[in-house]
Every structure is written in structure tokens, then in C-alpha cells.
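Understanding the architecture of this molecule
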Amino acid sequence: MPTFTTSSFPSAFLSTNRRRAGLAGAAALTAVLALAGPAAAHAEVEADKAQALAENVTLTFVSEAESASAGFREVRVVLPEGIAPADVSLGKAPKGWTLKTTADGYVVGGPALKTGVDAEYEVKVRQLPDAAEVAFKTVETYGDGEISRWIELPTDGEEAEQPAPLLKLKAAAPGATPVAPAPSASPTPSPSPSANASVSVSAATATEAAEKKKDDDGSSTGLLVGGAIAAVLVLGGGAWWLVKRRVSATGG
């Protein structure tokens, strides 16, 4: 049987415990990272000029893919106050993707990307607002209809579970001022005008038909009255001729 001295036993015991603790800690860290992996997917935004009131700024958005069954089909963004939809234009984007403005932002989308591929695109903004930070609430839609919402803002210093892309801005440059608002433009795709147009056309058609009917009725009434007068005259003339004939016959 091995013999342990008083001094060697605690050392061996502590060494074994340290190894076990190290292995357990590594396993726990691996488990935490594995669990945190899927939740780490998010949406981000960067700017080539991250400064308040900066003009002609290129914003780069990246939506990290988190679906195992489909790729991104479109990304919808709600613009922060101070950036109008008409002031945004599309730069680099996945092949076939286009930008359509909405009432409060825009939608970038097109053919669905391959599963696992991040959606990365650029937009050019006419001017950034005079603010310390701006949030771009984002809703992502996959080809199979799955939706991810990155729309939460931090509250009371606590990080949101599904944070909206946040861009921190430096203070405006000396003398920088807001540019004149861009001419307002109807969001595209705008509500289809077919319904209103149909109503207008129908109303115009109905009015025209009513007027025509009124004219036709007036004409018909005129014809009837004229015909009646003509008939009375004819009948009156015939009666006068008969009376005159009888009188002539009687007098002869």
C-alpha cells in the first residue's frame, strides 16, 4: 500500500481538485456559449460618417441569418425621427433586391437569399438628424414566412432582448445646419389608385347617365307634347271641315 506523508497528501488532493474544477468550468463555459449562439443573431447598422447633421451618409445594415430552413426575403426598417423616407436611396444590395418606401420607412427585398446567408445592404441618407443616437427598428422576413423583430430600445440602462439597430452619433460639426426638407413623395408602393379611380369613374358615369336620362326624358316629353298638340290640331281641322261640309250641304 502506498504511503503518503502529511505534507504530500494535501498537495495531491488540491491538485486533483483544481483539475476537476478546471474541466467543469470549461464544460460550463462551452454550454453557455452553445446556448448563447442562436440568441446572438441580430441586426446592426454602421455609418461612414456617424455624426449629427452629416450629409450624404452611407448606412450599412447587416441582418444575421438565424433560420435553419430558409433565407431572408425582405427587411423592413422604420426610420428614426428626422429622416424622411424620401431622403433614402438604395446602394449596394443582394442581387435582385430593390427598395420601396413606406409611410414610416422603407422595405428592401427581392429573391430569397440562401439559407444561412446574412442580409447585407447599403442605403444613402440625405442627412442624419441632430441627435446623440438614432435607432432603426427592423423587421426581417424569411422565405418561409418566419419573422424576426429587432425593434426594442434599451430602458433604464438595461439591454433589450431583441434590440433595434442603434447608431451613436458624434456632435454636429461647427456651423452644421439642417438642410431644407426634400419634396414630399408618395410612399412606393403607394396604395393602389384603382379603388379611388373606380369610384370616381363610377360617379362620373352615373352623373353622365343621369344627365343623359334627364335629357332623354325631356326630349321624350317634348315629343309627346308636340304629338298631342299636332293630334288636337288635326282633329280640330277635321271637325271644322265636317261641320263646314254639312252646313254647305244643308244650305244647298
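An account of the accompanying structure is given in this report.

Basis of the calculations
- Residues numbered from 1 in each chain as written.
- Predicted model: local features only at pLDDT ≥ 70, side-chain atom pairs only at ≥ 80, totals over all residues.
- Heavy atoms only, no water.
- Helix = DSSP H or I, 4+ residues; strand = E, 2+ residues; numbered from the N terminus.
- Buried < 20%, exposed > 50% of the residue type's maximum accessible area, 1.4 Å probe, protein only.
- Contact = heavy atoms within 4.5 Å.
- Areas by Shrake-Rupley, 256 points an atom, 1.4 Å probe, with all protein chains shown as cover.
- Core = buried A, V, L, I, M, F, W, Y, C linked by side-chain atoms within 4.5 Å.
- Pairing = 2+ DSSP bridges.
- Axes fitted to C-alpha atoms, helices over the stretch in contact; angles between N-to-C directions.
- Salt bridge = Lys/Arg side-chain N within 4 Å of Asp/Glu carboxyl O.

1. Thoughts on the overall build of the protein
Scanning the protein from N- to C-terminus turns up two helices and 11 strands. When the elements of the protein are put in sequence order from the N terminus, they spell out α-β-β-β-β-β-β-β-β-β-β-β-α. For the protein, with 252 residues in total, the buried portion stands at 22%. Nonlocal contacts in the protein, meaning residues at least 24 apart in sequence, comprise 70% of its contacts between residues at least 6 apart. Surface accessibility of the protein: about 16,900 Å² in total, with carbon and sulfur atoms responsible for 61%.

2. Considerations on the nonpolar core
Of all hydrophobic cores here, the largest spans 27 residues; its most connected members are Leu59, Phe61, Val88, Tyr106, Tyr121, Val123 and Phe136. Where this core is concerned, the elements lending two or more residues are strand 2 (55-63), strand 3 (72-78), strand 6 (105-109) and strand 7 (119-127). Broken down by element, this core gets its largest block of residues, four residues, from strand 7. Other than its neighbours up to four places away in sequence, Tyr106 contacts Phe61, Val75, Arg76, Val77, Leu79, Val88, Leu99, Lys100, Thr101, Tyr121 and Val123.

3. Points about the sheet that holds strand 9 (residues 137-142)
In spatial order, the strands read 5-6-3-9-10; together these five strands make up an open sheet with antiparallel pairing. At either margin of the open sheet sits one strand with a lone partner, and together these are strand 5 (98-101) and strand 10 (147-150). Strand-to-strand twist across the sheet, computed as the mean angle between neighbouring axes with direction ignored, equals 15 degrees. Where strand 5 and strand 6 come together, four bridges link them in antiparallel fashion. Residue pairing for strand 6: Leu99 is matched across the bridge by Val108.

4. Re the pattern of salt bridges
Taken as a whole and judged by the stated rule, the model has two salt bridges. Asp104 is paired through a salt bridge with Arg76; the nearest N and O atoms lie 3.0 Å apart. Residue Asp104 is located in the loop between strand 5 and strand 6, and its partner Arg76 is located in strand 3; the two are separated by 28 residues in the primary sequence. Overall, Asp104 belongs to the partly exposed group, its relative accessible area being 32%. Across the pair Glu133 and Lys168 runs a salt bridge, and its minimum N-O distance is 3.0 Å.

On their own, these measurements won't tell you what the molecule is for.
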